[in-house]
Amino acid sequence: MKTSNRIGEYLIQRLYDHGVRHVFGIPGDYVLGFYDLLEKSKLRIINTCDEQGAGFAADAYARVRGLGAVCITYCVGGLKVANTTAEAFAEKSPVVVISGAPGIKEREKNPLLHHKVREFDTQAKVFKQLTIASTVLSDPQTALQEIDRVFHAALRYKRPVYIELPRDLVMVPGIPHHQPSEIHETSDPRTLSAALGEAAEMINAAKKPVIIADVEVHRFGLQDVVVQLAEKSRIPVASTLLGKSVIGERYPFYLGVYEGAMGREEVRQYVESSDCVILLGAFLTDINLGVFTARLDPGRSIYATSEKLSIRYHNYEDVRFKDFMRGLLRAKLRRRELRKLPHPPVAAAPSRGRKDNLVTVKWLFERLNSFLTDEAVVVADVGDALFGAADLNIHQRTEFLGPAYYASMGFAVPAGIGAQLASPTLRPLVLVGDGAFQMTGMELSTAVRYKLNPIVIVLNNAGYGTERQMQDGSYNDVVPWQYHRLPEILGAGRGFLIHTESELDAALAAAEQHTESFCLLEVRLDPHDRSPALQRLAERLAKNI
Ligand SMILES: Cc1ncc(C[n+]2csc(CCOP(=O)(O)OP(=O)(O)O)c2C)c(N)n1
Ligand SMILES: [Mg+2]
């Protein structure tokens with residue numbers, strides 16, 4: 001199809017070409033012209049209740065689909081997605097942030113137009129810090145190339161980008177006959193082969209190598225390469241909390257989530273006693289590695305990411321992550337004996353709970369483990385929802401989303417919406433604390449509007465439980481909402497109030513049947529109860545590990 005060279009239409013076409021079908025956001029006068037174009041285009045606008053919800057939804061959409069987009073108005077909307085863009089940056093999610101803005105002509109003589117903060121470029125300056133590339137499309141001569149440039153950066157680095165679209169340029173043509181340019185970066189062949197040679201030698205000489213497959217394996221679509229590598233060499237694979245479910249968790253060579261002290265002891269011991277740790281697309285963050293309790297020695301590590309390749313203590317420049325991964329698969333790696341690996345995560349609890357037993361966090365997650373199906377995408381919010389979810393057994397890859405590094409509360413409900421729109425065959429299982437729910441839970445209204453059907457489990461422990469474990473005070477209390485009655489307000493959905501195991505059983509069975517709209521399961525928990533993962537972390541930190 002012939003691409004229009006009008007700036008707004010070109011932008012929409014580029015989104016479409018990269019697989020985007022939905023754009024999340026809220027309009028405003030500075031972006032109305034572009035909204036009109038969006039509405040007439042092949043893309044669908046998803047109106048959220050709040051811009052922050054749109055930002056989180058676009059982030060999840062990008063994690064599931066490869067690219068996401070959020071479109072908002074100048075400053076009042078834009079600055080509300082600063083936090084979600086920061087999360088997308090920190091956790092490598094390619095979101096295109098499109099902001100309307102005052103027209104270039106309107107900016108002459110620096111008038112005080114509504115929504116302006118300090119200068120016209122205040123918002124652009126903020127987003128320069130939060131994105132991998134940003135542009136203000138102020139010149140029709142360069143606008144189309146600028147769009148290509150930031151798209152390339154988003155896909156090359158899997159990080160968010162910012163495009164500011166002044167309202168008087170939306171329908172203005174860029175340069176004629178512009179063809180979108182695809183840049184294909186290549187590795188330096190000699191450096192690549194030297195790196196692969198050294199890596200293969202190190203792996204073959206090792207007695208007990210182990211792969212840690214992390215978030216970038218997912219973002220660059222290299223999951224199959226990891227699976228084939230493990231099948232061919234029989235090297236076991238662990239993931240991290242941020243990269244959880246990067247490969248299905250039922251492979252015989254899958255070890256579990258490695259999280260330093262927070263993770264299961266068997267996984268920690270296996271990884272830390274390895275003489276060759278192959279970190280693929282890994283982020284060495286504190287939460288990911290159990291709040292810096294992980295002990296990984298660079299002297300016995302191969303560390304490959306899209307930004308860096310190091311083997312032991314030295315770096316190789318100009319080696320693309322994909323090329324290194326594919327090269328490793330082709331390399332002559334010795335096939336090993338099958339090792340007996342630590343048992344898979346928590347055994348599924350019997351699906352029938354006992355009548356009067358109050359639900360504990362531990363039992364809840366064990367019960368959910370047997371509830372998961374191939375169609376579930378688990379979306380966990382910050383708090384014990386995330387810690388507890390670490391032990392869930394995810395069937396297939398990419399079916400776990402959680403902000404395990406930047407850790408902004410309020411992610412899960414809107415992210416469930418983004419994930420389901422990105423992949424409509426998935427039914428989100430959203431795990432969210434009462435505190436986080438109070439931040440963005442109202443986005444269930446968006447789920448109603450677009451006929452989505454997430455199952456939302458609100459872990460109601462009467463406040464900021466994770467914080468209570470560290471230091472308690474009245475600042476950790478929240479107002480006790482009647483969460484399960486939300487369907488009455490939204491005019492759709494089903495709510496369940498759950499105290500006991502058998503009540504949870506009954507609600508899960510009903511939620512499975514009720515697919516027309518969302519289900520909200522409010523699970524009342526003891527304020528001081530906690531998941532085994534949080535328990536392990538607290539205990540080991542207490543021992544000063
Ligand atoms: C946006 C944001 N504000 C504050 C925090 C700090 N924080 C981390 S965990 C937490 C409590 C979470 O409470 P809740 O959602 O109820 O989950 P729980 O810890 O009770 O399981 C807070 C306030 C944060 N991570 N993100
Ligand atoms: Mg709570």
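Please refer to the structure higher up on the page.
Because the structure is a prediction, the values reported are computed rather than measured.

Caption draft 1: Focus on the overall build of the protein. Each helix and strand in the protein was counted, giving 20 helices and 19 strands. With the C-alpha coordinates aligned to their principal axes, the bounding extent of the protein is approximately 65 × 65 × 40 Å. Across the 545 residues that make up the protein, the buried fraction comes to 60%. Look at the contacts in the protein between residues 6 or more apart in sequence, and 76% of them connect residues 24 or more apart. If you sum the accessible surface of the protein, you get close to 22,100 Å²; carbon and sulfur atoms cover 52% of it. For the protein, the distance from the average site of its 64 positive side-chain charges to the average site of its 64 negative ones is 5 Å.

Caption draft 2: Highlighting the site of ligand 1. If you check the shell around ligand 1, you find 16 residues, and the closest are Asp434, Gly435, Ala436, Gly465 and Thr466. Asn461 is positioned with one of its side-chain polar atoms (N or O) 2.8 Å from an oxygen atom of ligand 1. Within the side chain of Glu467, a nitrogen or oxygen atom sits 3.3 Å from a nitrogen atom of ligand 1. When the free accessible area of ligand 1 is taken as 580 Å², the share hidden by the protein chains comes to 79%.

Caption draft 3: Geometry of the packing of helix α9 (residues 223–233) against helix α11 (residues 321–330). α11 packs onto α9 with a crossing angle of 25 degrees between their chain directions and a minimal axis gap of 9 Å. If you check the angle between α9 and α11, you find them roughly parallel. The way α9 lies across α11 gives a crossing that is left-handed. Residues Val225, Val226, Gln228, Leu229 and Lys232 of α9 lie in contact with α11, whose contacting residues are Met325, Arg326, Leu328, Leu329 and Arg330. In terms of residue class, the contact of α9 with α11 is built from 6 nonpolar, 1 polar and 3 charged.

Caption draft 4: Summary view of the sheet that holds strand β14 (residues 376–380). If you walk across this open sheet you meet the 6 strands as β15-β14-β16-β17-β19-β18, and the pairing is parallel. If you trace the sheet from one side to the other, it starts and ends with β15 (400–401) and β18 (494–498), each paired once. Lying over the sheet, helix α19 (residues 501–513) contacts β16 (427–433), β17 (455–460), β18 and β19 (519–524), oriented at roughly 165 degrees with respect to β18.

Caption draft 5: Geometry of unusual backbone geometry. Even without a glycine there, the phi angle at Cys75 is positive, about 60 degrees. Within the secondary structure, Cys75 sits in the loop between β3 (68–72) and α4 (82–90).

Caption draft 6: Quick peek at the packing of aromatic side chains. All chains considered together, the criterion is met by 8 aromatic pairs. Between the aromatic rings of Phe24 and Tyr61, the centroid separation amounts to 5.6 Å while the plane-to-plane angle is 70 degrees, which identifies the pairing as edge-to-face. Here the residue Phe24 occupies a position in strand β1 (residues 22–25), and Tyr61 occupies one in helix α3 (residues 51–65), the gap between them amounting to 37 residues. Accessibility classification places Phe24 together with Tyr61 in one group, the buried group. Geometrically, the ring pair formed by Tyr251 and Phe253 is stacked, given 4.9 Å between the ring centres and 10 degrees between the ring planes. Taken together, the ring pairs connect Phe437, Trp481 and Tyr483 into an aromatic cluster. Lying across the ring of Phe120, Lys116 places its NZ or CZ 4.3 Å from the centre. In this arrangement the basic side chain of Arg159 is found over the ring face of Phe89, its NZ or CZ atom lying 4.4 Å from the centre.

Caption draft 7: Expanded view of empty space enclosed by the protein. Within this structure, the stated rule accounts for 4 cavities of 30 Å³ or more. Computed from the structure, the largest cavity encloses a volume of approximately 120 Å³. Along the walls of the largest cavity sit 13 residues, with His218, Arg219, Leu242, Lys244 and Phe400 positioned nearest its centre. Looking at the lining of the largest cavity, the elements that each hand over two or more residues are α8 (215–219) and β15. Looking at the lining of the largest cavity, its residues break down into 5 nonpolar, 5 polar and 3 charged.

Caption draft 8: A look at the packing of helix α7 (residues 189–205) against α11. α11 packs onto α7 with a crossing angle of 50 degrees between their chain directions and a minimal axis gap of 10 Å. By the angle between their axes, α7 is oblique relative to α11. In terms of crossing hand, the pair formed by α7 and α11 is right-handed. Between α7, through Leu192, Ala195, Leu196, Ala199 and Ile203, and α11, the contact on the second element is made entirely by Asp323, Phe324, Gly327 and Leu328. Grouping the constituent residues of the contact of α7 with α11 by class yields 7 nonpolar, 1 polar and 1 charged.

Caption draft 9: Quick look at the pairing of β16. In terms of burial, β16 is a largely internal element, 7 of the 7 residues being buried. In β16, alternate side chains face the same way, and those of Arg427, Leu429, Leu431 and Gly433 on one face and Pro428, Val430 and Val432 on the other are all buried. Across 5 bridges, β14 lies against β16 in parallel orientation. What sits directly across from Val379, in β16, is Val430. Here 5 bridges tie β16 to β17, and the two strands are oriented parallel to one another. Looking across to β17, one finds that Gly433 is bridged to Leu459.

Caption draft 10: Focus on the environment of Ser181. Structurally, Ser181 can be placed in the loop between β6 (161–166) and α7. Residue Ser181 is classed as partly exposed on the basis of its relative accessible area of 40%. For the pair Ser181 and Leu421, spaced 240 residues apart in the sequence, the C-alpha separation amounts to 28 Å.

Caption draft 11: Region of the structure containing the coordination of the magnesium ion (ligand 2). Protein-derived coordination of the magnesium ion (ligand 2) comes from Asp434 (OD), Asn461 (OD1) and Gly463 (O), at a distance range of 2.0 to 2.1 Å. Since its relative accessible area comes to 11%, Asn461 is described here as buried. Classification of Gly463 as buried rests on a relative accessible area of 4%.

The rules behind each value
Residues numbered from 1 in each chain as written. Chains lettered and ligands numbered in written order. Predicted model: local features only at pLDDT ≥ 70, side-chain atom pairs only at ≥ 80, totals over all residues. Heavy atoms only, no water. Helix = DSSP H or I, 4+ residues; strand = E, 2+ residues; numbered from the N terminus. Buried < 20%, exposed > 50% of the residue type's maximum accessible area, 1.4 Å probe, protein only. Contact = heavy atoms within 4.5 Å. Areas by Shrake-Rupley, 256 points an atom, 1.4 Å probe, with all protein chains shown as cover. Lys, Arg positive; Asp, Glu negative; His and termini not counted. Charge placed at Lys NZ, Arg CZ, Asp CG, Glu CD. Near = heavy atom within 4 Å. Polar contact = N/O pair within 3.5 Å; in protein donor to acceptor, adjacent residues only side chain to side chain. Axes fitted to C-alpha atoms, helices over the stretch in contact; angles between N-to-C directions. Parallel < 35°, antiparallel > 145°, perpendicular 65-115°, else oblique. Left-handed = near helix turned anticlockwise from the far one by under 90°. Nonpolar A, V, L, I, M, F, W, Y, C, P; charged D, E, K, R; others polar. Pairing = 2+ DSSP bridges. Phe/Tyr/Trp six-rings, centres within 6.5 Å; stacked < 30°, edge-to-face > 60°. Lys NZ or Arg CZ within 6 Å of the ring centre and 35° of its normal. 1 Å grid on protein atoms, 1.4 Å probe; cavity = no way out; pocket = protein on both sides within 12 Å on 5 of 7 lines; lining within 4 Å. Points joined across faces, edges and corners; volume = space filled by probe spheres on them. Donors = N, O, S within 2.8 Å, 3.2 Å for Na, K, Ca; no water.

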